[in-house]
Amino acid sequence: MSAIESVMQEHRVFPPPESFAKSAAISGMDAYRALCEEAERDYEGFWARHAREQLVWAKPFTKVLNESNAPFYKWFEDGQLNASYNCLERNLENGNADKVAIVFEADDGTVTRVTYRELHARVCQLANGLKALGIGKGDRVVIYMPMSIEGVCAMQACARIGATHSVVFGGFSAKSLQERLVDVGAVALLTADEQMRGGKALPLKAIADEALALGGCEAVKHVVVYRRTGGKVNWVEGRDRWLDEVCAGQPETCEAEPVDAEHPLFVLYTSGSTGKPKGVQHSTGGYLLWALMTMKWTFDIKPDDLYWCTADIGWVTGHTYIAYGPLAAGATQLMFEGIPTYPNAGRFWDMIARHKVSVFYTAPTAIRSLIKAAEADQAVHPKQYDLSSLRLLGTVGEPINPEAWMWYHENIGRGRCPIVDTFWQTETGGHMITPLPGATPLVPGSCTLPLPGIMAAVVDETGQDVPNGSGGILVVKRPWPAMIRTIWGDPERFRKSYFPAELGGKLYLAGDGAVRDKETGYFTIMGRIDDVLNVSGHRMGTMEIESALVANPIVAEAAVVGRPDDTTGEAICAFVVLKRARPNDEEAVQIANELRNWVAKEIGPIAKPKDIRFGDNLPKTRSGKIMRRLLRSLAKNEEITQDTSTLENPAILEQLRQAK
Ligand code: WTA
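Rules used in this analysis
Residues numbered from 1 in each chain as written. Predicted model: local features only at pLDDT ≥ 70, side-chain atom pairs only at ≥ 80, totals over all residues. Heavy atoms only, no water. UniProt positions renumbered as here; feature names shortened; annotations may be inferred. Helix = DSSP H or I, 4+ residues; strand = E, 2+ residues; numbered from the N terminus. Buried < 20%, exposed > 50% of the residue type's maximum accessible area, 1.4 Å probe, protein only. Contact = heavy atoms within 4.5 Å. Salt bridge = Lys/Arg side-chain N within 4 Å of Asp/Glu carboxyl O.

Per an unreviewed UniProt entry, the recorded name for the protein chain is Acetyl-coenzyme A synthetase, and the organism is Cupriavidus cauae. Regarding the protein chain, the UniProt comment filed under Cofactor (unreviewed entry) reads as follows: "Mg(2+)".

What follows is the structure, given as structure tokens:
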């Protein structure tokens, strides 16, 4: 790990525009430093102050942080609150009732708006409907829905009645959905007939039916279906209900159930370095606190903003920065059902111009693909659109390369808008290391400095700090309120994955490599140190994809590595040994396609390997361990200069190289 060296030499610096800094929530570096010092001086006092100021508590807390059972930390544990109350009633009481909460643009361009009053009524009706089905506090509900106001209502309705939701991204396969339903022990599944993306209807209900038919989901008593397209669906009497019928006739108010601050608001599955996805469990109080604080600090959200986060509600970004943070902040947000390239690659820019978006938050992979599209077709180049409403830009999900940053800054922000490159994870609940738009001088490619109260550091493999300028392992030294509480049903895996004994058992291990600048202390993230790939900002464990490949009856063995890709950041490259003879060129193309479709069915289309190479074997040590670093070089078409003396079968390298 100490071999990780800083490769980026970036000297361009962009201080915040004066006018921006003047009105920002955190204005200038002195204000930032003052908050950091407050947190250093009195850590618990700092968090308690914010928790009291920012959230509405049904029962105030007296205890702040409980470390007695570390790393199973508890925050505000004797306090009670309701997350949905903090997102909805709060806005009915503070003058936002008739403010638009969500502007929804459908795939086909149809626009719908809901005010906070209407959203509250809809959430309450659904909450009452779920209660009428017998769903309540402590139950788990899986949500497999498209980007929709109904999807947000589903999450909020669960929070309102104290049920823990687990949202599964609509691009996941029946198999992935079934695994999550079983693991989380869901009693109900909320889905839609179909979802619309890029003009195509995708059958969510049919996939949900298939998932339930795979077995193990006997606890799922109810399937509630949002009628999105009116497409044909199969129906299981007694189990299936239309969402509008569940809501019909229900009262438009529903008392928000106070829950303990530590009550699990949601479980969200994410990839780790072993095969099985991890159910990341989040709390109610600490999580919501940070969702709201970071809306104010990082996005500097203002009453007149039109805020747009392009993430899907199936990912953590769609949880914190669509379903909870913006609502708790009383913001007006744009929500989009479709994809950035339909009807053409100018869709995002057109939407920004039409809706007058002021804060725009997206993924580097989207930026990179839209750069390509704009270069290929001037008609969809951002210069054709009026983007003057923008005041702040953000990125999330993967490192943004300085060239893409500069393009974003010049072509979208027109040199005027700060960019917040927000580093965080499903496990962290919200932003961790990010510029503050009215304070931090920006350096392209760097996520700059930790937010106040976040004790991020770079250490070596024994947990010792490394000097600035040397690469190492990114850790967080103290627990923070929004952190993961455990892995659902697997506390031991939680401890081992995030608080490994090798680092002393007290440091939160993010799983990324990082380096801090010698002079400024700015952080640059250097990518994953474990076997997790980041494809288009989506985390995927190599083991997960390998297990899926090996589950195919013709596959004997498979190893998956990542290689750099201009658009998706990393691309999946699979080395496969079949149970039969190695296929010839023509067959190889055909079998590779079959295997790609197989992985799409097993996990979802996002996990399809870009490259598949067939060999008689894989490069292994004498003890049988696959030498992945050699596969990484092969995937990149690099000369192999590394030591291969421990390799059992050196000839295999040449074969795999030619298999390209
Ligand atoms: C990566 C997404 C560099 C990182 C919110 C992390 C980033 C993983 C950035 C988490 C960034 C996220 N710069 N890398 N600004 N943001 N990452 O759980 O590898 O889907 O560990 O959460 O994405 O991905 P996850």
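Draft legend 1. Spatial organisation of the UniProt feature "binding site: ATP" (unreviewed entry) in the protein chain. Those places that UniProt annotates as "binding site: ATP" (unreviewed entry) correspond, in this numbering, to Gly397, Glu398, Pro399, Asp421, Thr422, Phe423, Trp424, Gln425, Thr426, Asp512, Arg528 and Arg539. Counting through the fold element by element, Asp421 comes out in strand β20 (residues 419–422). Judged by its relative accessible area of 6%, Asp421 falls in the buried class. Residues contacting Asp421, with those up to four places away along its chain left out, are Thr395, Ile400, Ile433, Thr434, Pro435, Gly445, Ser446 and Cys447. Relative to the elements of secondary structure, Thr426 occurs in the loop between β20 and β21 (456–459). Those residues in contact with Thr426 that lie beyond four places of it in its chain are Leu268, Thr270, Val280, His282, Val316 and Arg539.

Draft legend 2. Representation of the pattern of salt bridges in the model. A complete count under the given rule lists 43 salt bridges for this structure. With a closest N to O distance of 3.7 Å, Glu257 and Lys137 form a salt bridge. Of this pair, Glu257 sits in the loop between α10 (243–247) and β13 (259–260) while Lys137 sits in the loop between α6 (116–132) and β6 (140–144), and the two are 120 residues apart along the sequence. Under the relative-accessibility criterion, Glu257 is labelled partly exposed at 32%. For Arg227, the salt bridge goes to Glu245, with nearest N and O atoms at 3.6 Å. Taken together, the residues Arg227 in the loop between β11 (222–226) and β12 (240–242) and Glu245 in helix α10 connect sequence positions 18 residues apart. According to the relative accessible area criterion, Arg227 is partly exposed, its value standing at 38%. Beyond isolated ion pairs, a larger network of salt bridges with shared partners links Glu105, Arg347, Asp350 and Arg354.

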